[in-house]
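# Understanding the architecture of this molecule
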Amino acid sequence: MSDTPNQPGLQSLAKSFEPAAIEAHWGPEWEQRGYARAGFRGTQQPQEGAPSFAIQLPPPNVTGTLHMGHAFNQTIMDSLTRYHRMAGANTLWVPGTDHAGIATQIVVERQLQAQGISRHDMGPTPAEARKNFVAKVWEWKEQSGNTITQQMRRMGDTVDWSREYFTMDEKLSKVVTQTFVQLYEEGLIYRGKRLGNWDPVLKTSVSDLEVESEEEEGSLWHIAYPLEDGSGTLVVATTRPETMLGDTAVMVHPEDERYAHLVGRNVKLPLVDKLIPIIADDYVDKAFGTGVVKVTPAHDYNDYAVGQRHKLPMIGVLTLDATINDNAPGKYRGMDRFVARKAIVADLEALGLLVEVKKHRLMVPRCARSGAVVEPMLTDQWYVAMTKPGRKGESIAQQAIDAVKSGEVRFVPENWVNTYNHWMENIQDWTISRQLWWGHQIPAWYDEDGKVYVAHDEAEAQAKAPGKRLRRDEDVLDTWYSSALVPFSSLGWPEQTQDLSLYLPSTVLVTGYDIIFFWVARMIMMTKHFTGKVPFRDVYIHGLVRDAQGQKMSKSEGNVLDPVDLIDGIALAPLLDKRTTGLRKPETAPKVRKQTEKEFPDGIPAYGADALRFTFAALASLGRSINFDSKRCEGYRNFCNKLWNATRFVLMNCEGQDCGLQEHTKEECQPGGPFHGYMRFSQADRWIASQLQRVEAEVARGFEEYRLDNVANAIYQFAWDEFCDWYLEIAKVQIQTGTEAEQRATRRTLIRTLETLLRLAHPVIPFITEELWQKVAPVAGRAGPSVMVAPYPVAQPGKIDEAAEAHVAKLKSLVAACRTLRGEMNVSPAQRLPLYALAETPAEAEFLRGAAPVLQALAKLSELKVFDDEAAWTAAAQAAPVAVVGGARLALYVEIDVAAERARLGKEIARIEGEIVKANGKLGNESFVARAPAAVIEQERQRLADFSATLERLKSQVLRLG
């Protein structure tokens with residue numbers, strides 16, 4: 001960055017783009033100036049009559065660090081927020097972090113374990129230990145809990161940091177308590193015993209999102225269950241023989257003729273010495289295994305449903321730490337579940353009841369936090385009733401279904417509505433309690449008789465139970481409960497604040513499809529129930545970020561990319577250390593090292609935040625997962641360099657010059673007016689202005705449709721292809737050869753187009769555009785403290801000039817034809833050649849003569865001579881290669897040795913004829929045509945067509961040599 005960051009002009013602009021210094025300056029500067037605070041374009045106050053744009057950050061875990069999914073998600077959110085802020089909306093992007101119950105508790109417990117301490121050792125009583133442990137967690141949060149928010153700043157995220165919340169903050173905690181009490185009083189929260197996910201290591205219930213099922217090698221044990229009368233056995237296959245101790249039935253399909261006569265009879269449950277019934281249920285797959293299935297309602301979700309249908313007893317045989325309990329035979333009590341498995345299998349084999357054992361790959365559910373195998377367990381938990389009618393008649397779930405059905409909430413892409421409806425229409429009551437110490441403790445108290453009192457605080461509970469001794473429920477609430485409230489808890493509810501009226505519903509929620517049910521649906525349910533409003537109008541669902549090969553990024557697989565490493569760069573050695581630490585299979589480390597060395601032989605270069613953001617935006621197709629290739633970052637870093645160098649060129653030619661910025665009217669430019677002849681715009685000037693209107697409209701459409709890929713690609717194509725590659729080159733000629741009025745018009749077009757382009761690109765690449773805009777805006781006559789709060793460009797269709805567009809399109813075709821001719825003749829780029837052009841009409845001749853200066857510069861011509869007479873043109877052109885563009889024939893004249901050229905052409909013709917013979921031979925071979933893939937045959941046909949066309953051109957060239 002320059003030494004004088006806020007000074008205009010070329011002298012204060014560094015010679016090359018160095019993102020680190022620019023980012024280090026502008027990130028804190030924006031925050032210090034308060035431009036991202038809620039309100040109108042950085043004023044920190046809403047403007048009456050302005051539309052509102054609000055967006056909620058999906059609160060990352062306080063334990064987390066920025067990963068590629070966060071960076072992708074936040075690039076989309078920040079681009080949308082910056083766009084709407086500049087476009088004149090009252091804007092608010094609400095940031096916050098989630099207290100992340102399980103994750104945070106594990107982090108602190110591991111720190112204690114390293115000191116040889118358990119959380120239970122932190123006080124003389126359980127209550128004191130809990131109090132001290134929670135204090136320890138708060139201490140950790142204050143010291144280490146802001147890592148991810150600092151990394152968000154590195155991405156350039158313009159959230160309103162003054163409104164940053166933490167889900168355990170006092171204000172949000174009060175909302176948690178109030179909603180819990182209200183739902184309980186409405187009969188929509190209750191305590192009950194149901195089957196749910198249980199982590200026996202953490203000793204808590206866990207949500208489905210915290211369970212990762214992985215395919216593992218296992219066994220399928222076939223066990224004989226003797227019929228009660230001794231007439232035979234039924235063979236059952238199971239992957240979990242230890243749970244058979246809790247079997248309460250075996251079942252067959254009601255239409256399975258093999259077993260129809262046995263339904264209603266009993267079998268002896270091996271090892272337990274009791275009878276269980278044979279039942280019939282449609283759940284059984286007749287074709288799988290023997291068609292007989294054991295039923296263990298207390299340890300399997302499907303069996304639980306079967307048990308409820310058939311009113312079977314629920315017999316749990318595991319304790320909360322996954323050892324065998326007292327419901328099992330004495331021999332197995334106290335055994336770990338997997339130790340018991342081996343003992344049970346051995347005993348079955350000894351009794352002759354183990355029919356066979358087969359290898360079997362199965363999905364094993366493990367807790368993502370602890371790695372423990374998760375058990376379906378019957379436990380007492382707190383639940384929110386999803387389908388029970390509430391105070392307004394409709395259930396919580398139905399309100400959320402109706403909100404989407406009515407169009408109050410819109411999914412983008414629309415196909416995600418089907419996923420949402422499927423989940424909502426099959427919803428189960430929500431388990432909201434967790435057996436942890438860190439989190440919102442459930443506001444319920446019990447007396448000595450076990451009666452529960454739900455209240456806002458202990459004093460209120462005691463008032464409901466005068467004279468009774470109360471103890472508080474030890475459980476805490478599921479993290480997703482408080483997260484579901486943030487659309488309104490973060491805006492001041494239950495008070496009727498200005499924020500609630502302005503920013504609820506928010507405009508859009510940007511999130512991945514993996515949490516549609518866990519977070520999106522629950523926000524709709526809770527917000528609708530408590531405020532009567534939906535939490536957001538649009539839900540933009542984006543795909544997941546995968547590696548370049550399309551594989552899921554995972555530390556355990558060693559293919560993770562760190563966004564900060566892509567911004568700052570990282571050497572190979574530390575990159576290898578990162579990728580080989582925490583592998584699920586340590587033996588894969590050599591493979592991971594090899595792949596990393598192949599992909600990043602010199603480590604990862606420093607691409608900067610803008611290049612990373614541009615890459616994410618360009619890949620943000622609706623709903624699709626993206627395969628992230630860091631080479632794309634390199635391309636967008638090159639784009640930033642191109643924009644930087646273009647700015648240096650424009651400032652070099654405009655700063656301190658007359659850029660036609662004096663205020664004047666169209667009337668004053670008429671003959672006799674004071675500004676008559678002040679500026680004369682060329683067709684190229686009008687063309688780039690016309691193209692600018694089109695790209696402005698395309699970018700606005702992209703933002704409105706959440707097509708960040710279209711936004712990025714439109715900006716890239718205009719900036720690189722049209723402005724830099726074409727207009728700047730044309731402008732050089734116009735400044736060198738034009739009149740004073742033409743030069744003035746060119747400079748005005750240069751500086752104004754660049755300034756507009758910087759504003760246009762700012763939402764996607766904020767750092768470089770701010771740095772450059774500070775230098776360009778004063779020269780362009782644009783006032784304002786920052787591009788971040790400057791007005792966003794709006795297309796003016798009246799400035800679209802189709803005649804100018806046609807003019808430049810023709811000019812481009814002429815240049816391209818000349819470049820093609822040079823390529824065909826292998827002419828050195830440094831060599832300038834004359835071009836002889838034959839015009840078919842006077843208008844064509846006039847166009848060519850007018851375009852001569854630009855053609856000469858861009859096609860590297862020594863001269864352009866336009867002929868009206870074909871004979872004269874033929875005589876001048878002699879054997880020069882010819883191209884036809886519209887109504888003009890172009891001959892690029894090169895002095896050649898005719899005899900040597902004829903010999904060269906003869907050799908080339910012979911070679912091409914040989915290739916044609918080979919191609920015809922292949923295509924005439926019936927065996928080849930029958931065996932070869934269609935794509936290969938088509939490729940060969942295309943080669944033949946290309947060779948034939950080349951041959952015709954070569955023969956024509958020979959004829960012209962005479």
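Our structure is the block above this text.
Notes on the structure follow. (Residues numbered from 1 in each chain as written. Predicted model: local features only at pLDDT ≥ 70, side-chain atom pairs only at ≥ 80, totals over all residues. Heavy atoms only, no water.)

A count of helical and extended segments in the protein gives 29 helices and 30 strands. Overall, the C-alpha framework of the protein stretches about 115 × 75 × 55 Å when taken along its three principal axes. When burial is assessed residue by residue, the protein has 53% of its 962 residues classed as buried. Considering only intrachain contacts with a sequence separation of at least 6, the fraction spanning at least 24 residues in the protein is 75%. Summing over all exposed atoms, the protein offers an accessible surface of approximately 42,700 Å²; the carbon and sulfur share of this is 50%. One finds the centroid of the 110 positive side-chain charges in the protein at a distance of 2 Å from the centroid of its 124 negative side-chain charges. (Helix = DSSP H or I, 4+ residues; strand = E, 2+ residues; numbered from the N terminus. Buried < 20%, exposed > 50% of the residue type's maximum accessible area, 1.4 Å probe, protein only. Contact = heavy atoms within 4.5 Å. Areas by Shrake-Rupley, 256 points an atom, 1.4 Å probe, with all protein chains shown as cover. Lys, Arg positive; Asp, Glu negative; His and termini not counted. Charge placed at Lys NZ, Arg CZ, Asp CG, Glu CD.)

Below, the discussion takes up the packing of aromatic side chains. Within the structure shown, the criterion is met by 34 aromatic pairs. On the basis of an interplanar angle of 80° and a centroid distance of 5.8 Å, the ring pair of Tyr836 and Phe867 is categorised as edge-to-face. Taken as a pair, Tyr836 in strand S27 (residues 833-839) and Phe867 in strand S28 (residues 861-867) lie far apart in primary sequence, 31 residues in all. Here Phe867 falls in the buried class, since its relative accessible area comes to 9%. An aromatic cluster is built from Phe614, Tyr636, Phe639, Tyr716 and Trp720, whose rings are joined through pairwise contacts. The ring of Trp161 has Arg153 lying over it, and the distance from NZ or CZ to the ring centre is 3.8 Å. (Phe/Tyr/Trp six-rings, centres within 6.5 Å; stacked < 30°, edge-to-face > 60°. Lys NZ or Arg CZ within 6 Å of the ring centre and 35° of its normal.)

For the rest of this paragraph, the subject is the nonpolar core. If you look at the biggest cluster of nonpolar residues, it comprises 142 residues, and the most contacted ones within it are Phe628, Phe723 and Leu750. With 17 residues, helix H21 (residues 708-737) is the largest single contributor of residues to this core. If we skip the residues at most four places from it in the chain, Leu750 touches Phe649, Val650, Cys654, Phe723, Tyr727, Leu728, Ala731 and Ile735. Val175, Val176, Val181 and Met386 belong to the second largest nonpolar core, which has 65 residues in total. (Core = buried A, V, L, I, M, F, W, Y, C linked by side-chain atoms within 4.5 Å.)

Moving on to the pattern of salt bridges. Considering all chains together, one arrives at 52 salt bridges under this definition. With a closest N to O distance of 2.6 Å, Asp568 and Arg154 form a salt bridge. Of this pair, Asp568 sits in helix H15 (residues 563-568) while Arg154 sits in helix H5 (residues 147-154), and the two are 414 residues apart along the sequence. Across the pair Arg240 and Glu375 runs a salt bridge whose closest N-O atoms are separated by 2.5 Å. With a gap of 135 residues between them, Arg240 in the loop between strand S9 (233-238) and strand S10 (249-252) and Glu375 in strand S15 (residues 375-384) connect regions that are remote in the sequence. (Salt bridge = Lys/Arg side-chain N within 4 Å of Asp/Glu carboxyl O.)

A few words on the packing of helix H6 (residues 170-185) against helix H14 (residues 516-531). Axis separation between H6 and H14 bottoms out at 12 Å; the angle between their running directions is 75°. Our classification of the angle between H6 and H14 gives roughly perpendicular. From H6, Thr179, Gln182 and Leu183 reach across to H14, where they touch Met526, His529 and Phe530. Within the contact of H6 with H14, the residues separate by chemical class into 3 nonpolar, 3 polar and no charged. (Axes fitted to C-alpha atoms, helices over the stretch in contact; angles between N-to-C directions. Parallel < 35°, antiparallel > 145°, perpendicular 65-115°, else oblique. Nonpolar A, V, L, I, M, F, W, Y, C, P; charged D, E, K, R; others polar.)

What follows is about the packing of H6 against helix H12 (residues 479-489). Look at H6 against H12: their axes get within 10 Å of each other, and the N-to-C directions meet at 105°. On the basis of the axis angle, H6 is roughly perpendicular to H12. Residues Leu172, Val175, Val176, Thr179, Phe180 and Leu183 of H6 pack against Tyr481, Ser482, Leu485, Val486, Phe488 and Ser489 of H12. A per-class count over the contact of H6 with H12 returns 9 nonpolar, 3 polar and no charged.

As a further point, take the side chain of Thr379. For Thr379, the position within the fold is in strand S15. For Thr379, a relative accessible area of 8% puts it in the buried group. Within the structure, Thr379 has its side chain in polar contact with the side chain of Gln381 (distance 3.0 Å). Not counting residues up to four positions away in its chain, the partners in contact with Thr379 are Gly192, Lys193, Arg194, Trp198 and Leu320. (Polar contact = N/O pair within 3.5 Å; in protein donor to acceptor, adjacent residues only side chain to side chain.)

We now examine the environment of Trp726. Inspection of the secondary structure puts Trp726 in helix H21. On the basis of relative accessible area, Trp726 is assigned to the buried category, the value being 14%. Spatially, the C-alpha atoms of Trp726 and Ile688 are 9.2 Å apart, while their sequence positions differ by 38 residues.

With that out of the way, let us pick up the sheet that holds strand S30 (residues 888-892). In space, the 4 strands of this open sheet follow the order S28-S27-S30-S29, with mixed pairing throughout. Every interior strand has two partners, whereas the edge strands, S28 and strand S29 (882-885), have only one. Here the strands of the sheet are splayed against their neighbours by 20° on average, with no regard to which way each runs. Alignment of S27 against S30, held across 5 bridges, turns out to be antiparallel. Paired with Leu835 across the bridge in S30 is Leu892. Docked against the sheet, helix H25 (residues 842-858) engages S27, S28, S29 and S30, running at close to 180° with respect to S28. (Pairing = 2+ DSSP bridges.)

Our focus in this paragraph is the side chain of Arg648. In this fold, Arg648 is placed in helix H19 (residues 630-654). Despite its burial, Arg648 remains without a salt bridge, the nearest opposite charge being carried by Glu655 at 9.1 Å. Of note is the side chain of Arg648, whose polar atom sits 3.2 Å from the backbone oxygen of Leu13. Setting aside residues up to four positions removed in sequence, Arg648 forms contacts with Leu10, Leu13, Ala14 and Lys15.

Here is the key point about a regular strand: its side chains alternate between the two faces of the sheet. Residues of S10 alternate between two faces, with Ala249 and Met251 on one and Val250 and Val252 on the opposite face, all of them buried. For S10 and strand S13 (residues 293-295), the ladder comprises 3 bridges, and the chain directions are antiparallel. Paired with Val250 across the bridge in S13 is Lys294. Alignment of S10 against strand S12 (residues 274-280), held across 3 bridges, turns out to be parallel. Within the sheet, the bridge partner assigned to Val250 lies in S12 and is Ile278.

Trans is the common state for peptide bonds, and a negative phi is the common state for residues other than glycine. Cis geometry marks the peptide bond from Val412 to Pro413, where omega comes out at 0°. Mapped onto the elements of the fold, Pro413 is located in the loop between strand S16 (410-412) and helix H10 (416-425). With an omega of 15°, the peptide bond running from Trp493 to Pro494 counts as cis. Here Pro494 lies in the loop between H12 and helix H13 (498-503). For Lys203, which is not glycine, the phi torsion reads 55° and is therefore positive. Mapped onto the elements, Lys203 comes out in the loop between strand S6 (189-199) and strand S7 (204-205). Overall, the relative accessible area of 41% leaves Lys203 in the partly exposed class. With a phi angle near 55°, Lys311 is a residue other than glycine that sits in the positive phi range. With respect to the element layout, Lys311 can be found in the loop between helix H7 (301-310) and helix H8 (337-350).

Among the 5 residues that make up strand S3 (residues 90-94), 5 are buried, leaving the element largely enclosed by the rest of the structure. Side chains Asn90, Leu92 and Val94 of S3 all project onto a buried face; the interleaved residues Thr91 and Trp93 project onto the opposite face, where all are buried too. Here strand S2 (residues 52-56) runs beside S3; their pairing, made up of 5 bridges, is parallel. Bridge pairing in S3 links Ser52 to Asn90.

Moving on, we get to helix H18 (residues 609-619). Every α-helix winds through 3.6 residues per turn, so residues three or four apart in the chain are directed the same way. With respect to burial, H18 is a largely interior element, 11 of its 11 residues being buried. Within H18 the residues assigned to the buried category are Ala609, Asp610, Ala611, Leu612, Arg613, Phe614, Thr615, Phe616, Ala617, Ala618 and Leu619.

The next subject is the environment of Lys174. By secondary structure assignment, the location of Lys174 is in helix H6. Separated by 266 residues in sequence, Lys174 and His440 place their C-alpha atoms 9.8 Å apart.

This brings us to the sheet that holds strand S11 (residues 266-269). As summarised here, the arrangement of the 4 strands in space is S11-S12-S10-S13, forming an open sheet in which the pairing is mixed. Of all the strands in the sheet, just S11 and S13 have a single pairing partner and so form its edges. Across this sheet, the average inter-strand angle for adjacent strands is 35°, counted without regard to direction.

Take the state of the cysteines next. The full count for this structure, using the stated rule, is 0 disulfides. Distance from the sulfur of Cys640, which forms no disulfide, to the nearest cysteine sulfur (Cys633) is 10 Å. Taking the relative accessible area as the measure of exposure, Cys640 reaches 0% and is therefore buried. (Disulfide = S-S within 2.5 Å.)

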